[in-house]
Amino acid sequence: MGFNIAIDGPAGAGKSTIAKRVAKELSFIYVDTGAMYRAVALYLIKNGISPEDEAGLLRACGQIHISIEYENGEQQVILNGENVTGQLRNEEVGNMASAAAAKPCVRETLLTLQRDLAVKADVLMDGRDIGTNILPDAQLKIYLTASVETRAGRRFRELQEKGEACTLEAIAKDIEERDRKDMSRETAPLKMAEDAVLVDSSEMDIEEVAARIISLYRERR
Ligand code: CDP
Ligand code: CDP
C-alpha cells in the first residue's frame, strides 16, 4: 500500500497549487478530484441536464465514464473517451460542479475511481471529502484554508492575469456561496477531519505552505 496524503479545504485556499508542488517534490501522484466533479458538470451542461432533475441525473450518472491519465506529469480527465481537461476551469463549470457534487449518485459515481487511484501508489489527493470520506486512513490529512478576503484576492489576481473581466466583490460573493453549499450539503459536506492538521494560509505564501506539509510528511513517514 502506498502513502496517502489528503488535502481538503474551501475554494481558493491554494489546494491544487500546493498539492502539485508537494507531489512533485515528493514524487507522489497528484489526483485533483475537483476536476472529476467538473467533468461531470461539463457532461450535464453539454446535455442540458439539470442536477435537480432526479431521473435525468440518475440516467446521466449511468452514462458518465471518467478516467484519469497523466501527460508530462499533468492530470488529464477523460470523459467518455474525450480528453476534456481544457474545458473544465471556468465559473459556469465550477458552479455546476458544486451543485452536482451535492447529489449522492454523482458522488457514488466518483468514489470507487478515487479510492482505486490511491491504492496503487504514493498519492496526494485534494478535494472536499478526501480525509473524511474517500481516504479515511490517509497517513497525513491537511485541512487547508484561508480567509474569504485572501482567497477572493488570489482568484481576482489570477483572473486579471488571464485578462478576464471580474470584480473582487463578485468573486468574494461567489466564494462565500460555494463555501456555504459545500459545507451545508447532506452528502459528504466539506469539514475538517478530526485527525487533520489545520493549515491557515492567509498569511503564508506558497513556499511556506508547501514546506510545512513536506515537514509533516517527513515526521510521519
Ligand atoms: O478549484 P475550486 O476549489 O474552486 O474547485 P474544485 O476543487 O475544482 O471543485 C469544484 C467543486 O466540486 C467544488 O465546489 C465542490 O463542490 C466539488 N467537489 C467536491 O464536492 N468534492 C471533492 N472531493 C472535490 C470537489
Ligand atoms: O485549488 P484551490 O481552489 O484551493 O486553490 P488554487 O487554485 O490552488 O489557488 C488559488 C490562487 O491562490 C492561485 O492563483 C495560487 O497561486 C494562489 N495562492 C497564493 O497566492 N498563496 C498561497 N499560499 C496559495 C495559493
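Residues numbered from 1 in each chain as written. Chains lettered and ligands numbered in written order. Predicted model: local features only at pLDDT ≥ 70, side-chain atom pairs only at ≥ 80, totals over all residues. Heavy atoms only, no water.

(A) Spotlight on the overall build of the protein. Each helix and strand in the protein was counted, giving nine helices and eight strands. Relative to its length of 221 residues, the protein is compact, with a C-alpha radius of gyration of 17 Å against a globular reference of 17 Å. Principal-axis analysis of the C-alpha atoms places the extent of the protein at approximately 50 × 45 × 35 Å. Looking at the protein residue by residue over its 221 residues, the buried ones come to 52%. The contacts in the protein between residues at least 6 apart in sequence include a share of 75% that link residues at least 24 apart. Averaging the locations of the 29 positively and 37 negatively charged side chains of the protein gives two centres separated by 1 Å. (Helix = DSSP H or I, 4+ residues; strand = E, 2+ residues; numbered from the N terminus. Rg over C-alpha atoms; globule rule 2.2 N^0.38 Å. Buried < 20%, exposed > 50% of the residue type's maximum accessible area, 1.4 Å probe, protein only. Contact = heavy atoms within 4.5 Å. Lys, Arg positive; Asp, Glu negative; His and termini not counted. Charge placed at Lys NZ, Arg CZ, Asp CG, Glu CD.)

(B) The sheet that holds strand β2 (residues 29–32), seen in detail. Pairing within the open sheet is parallel, and its five strands lie in the order β2-β6-β1-β7-β8. Looking along the sheet, the strands with just one partner apiece sit at the ends: β2 and β8 (197–200). Pairs of neighbouring strands in the sheet enclose a mean axial angle of 20°, with direction left out of account. As judged from the four bridges shared by β2 and strand β6 (residues 123–127), these two strands associate in the parallel manner. When the bridges of β6 are listed, V31 appears paired with M125. The sheet contacts of helix α9 (residues 206–220) involve β1 (4–8), β7 (140–145) and β8, and relative to β7 the element is tilted by about 160°. (Pairing = 2+ DSSP bridges. Axes fitted to C-alpha atoms, helices over the stretch in contact; angles between N-to-C directions.)

(C) Spotlight on the site of ligand 1. As a matter of local geometry, ligand 1 sits amid 19 residues, with R38, R107, R178, D182 and R185 nearest to it. Between ligand 1 and T33, the relevant distance is 3.0 Å, taken from a nitrogen atom to a side-chain nitrogen or oxygen of the residue. For ligand 1, whose accessible area on its own is 520 Å², the fraction buried by protein is 97%. Mapped by element, the contributors of at least two residues to the shell around ligand 1 are α2 (33–46), α4 (91–100) and α8 (168–184). Ranked by residue count, the leading element in the shell around ligand 1 is α2, at four residues. Its residues assigned to classes, the shell around ligand 1 comprises five nonpolar, four polar and 10 charged. The residue makeup of the shell around ligand 1 includes at least three contributed by each of domain 1 (1–28 + 121–221) and domain 2 (34–119). (Near = heavy atom within 4 Å. Polar contact = N/O pair within 3.5 Å; in protein donor to acceptor, adjacent residues only side chain to side chain. Areas by Shrake-Rupley, 256 points an atom, 1.4 Å probe, with all protein chains shown as cover. Nonpolar A, V, L, I, M, F, W, Y, C, P; charged D, E, K, R; others polar. Domains from an automatic or database assignment.)

(D) Structural view of the site of ligand 2. The local shell around ligand 2 holds 15 residues, among which G12, K15, S16, T17 and E158 are the closest. Between R154 and ligand 2, the recorded distance is 3.4 Å, taken from a side-chain N or O atom to a nitrogen atom. E158 is positioned such that a nitrogen or oxygen atom in its side chain is 2.7 Å from an oxygen atom of ligand 2. Out of a free accessible area of 540 Å², ligand 2 has 84% covered by protein chains. For the shell around ligand 2, the elements supplying multiple residues, two or more each, are α1 (15–26) and α7 (148–161).

(E) Highlighting the nonpolar core. Counting 40 residues, the largest nonpolar core has L44, I66, V77, V106 and M125 as its most contacted members. Put simply, the parts of the chain that give this core at least two residues each are α2, α3 (54–63), β3 (66–71), β4 (74–79), α4, α5 (104–120), β6 and α6 (130–134). For this core, the element with the highest residue contribution is α2, accounting for nine residues. For this core, the two domains that each supply at least three residues are domain 1 (1–28 + 121–221) and domain 2 (34–119). Not counting chain neighbours up to four residues away, the residues in contact with I66 comprise M36, A39, V40, V77, I78, L79, L110 and L113. (Core = buried A, V, L, I, M, F, W, Y, C linked by side-chain atoms within 4.5 Å.)

(F) Representation of the packing of aromatic side chains. Counted under the stated rule, the structure contains three aromatic pairs. When the ring of F3 is compared with that of F28, the centres are 6.1 Å apart and the planes differ by 70°; the resulting orientation is edge-to-face. In this pair, F3 sits in the segment before β1 while F28 sits in the loop between α1 and β2, placing the two residues 25 residues apart along the sequence. For the residue pair F3 and F28, the accessibility class agrees, reading buried in each case. Their ring planes at 85° and their centres at 5.0 Å tell us that F3 and Y217 sit as a pair that is edge-to-face. Residue F3 is found in the segment before β1, and its partner Y217 is found in helix α9; the two are separated by 214 residues along the sequence. (Phe/Tyr/Trp six-rings, centres within 6.5 Å; stacked < 30°, edge-to-face > 60°.)

By themselves, these observations are geometric and do not establish any function.
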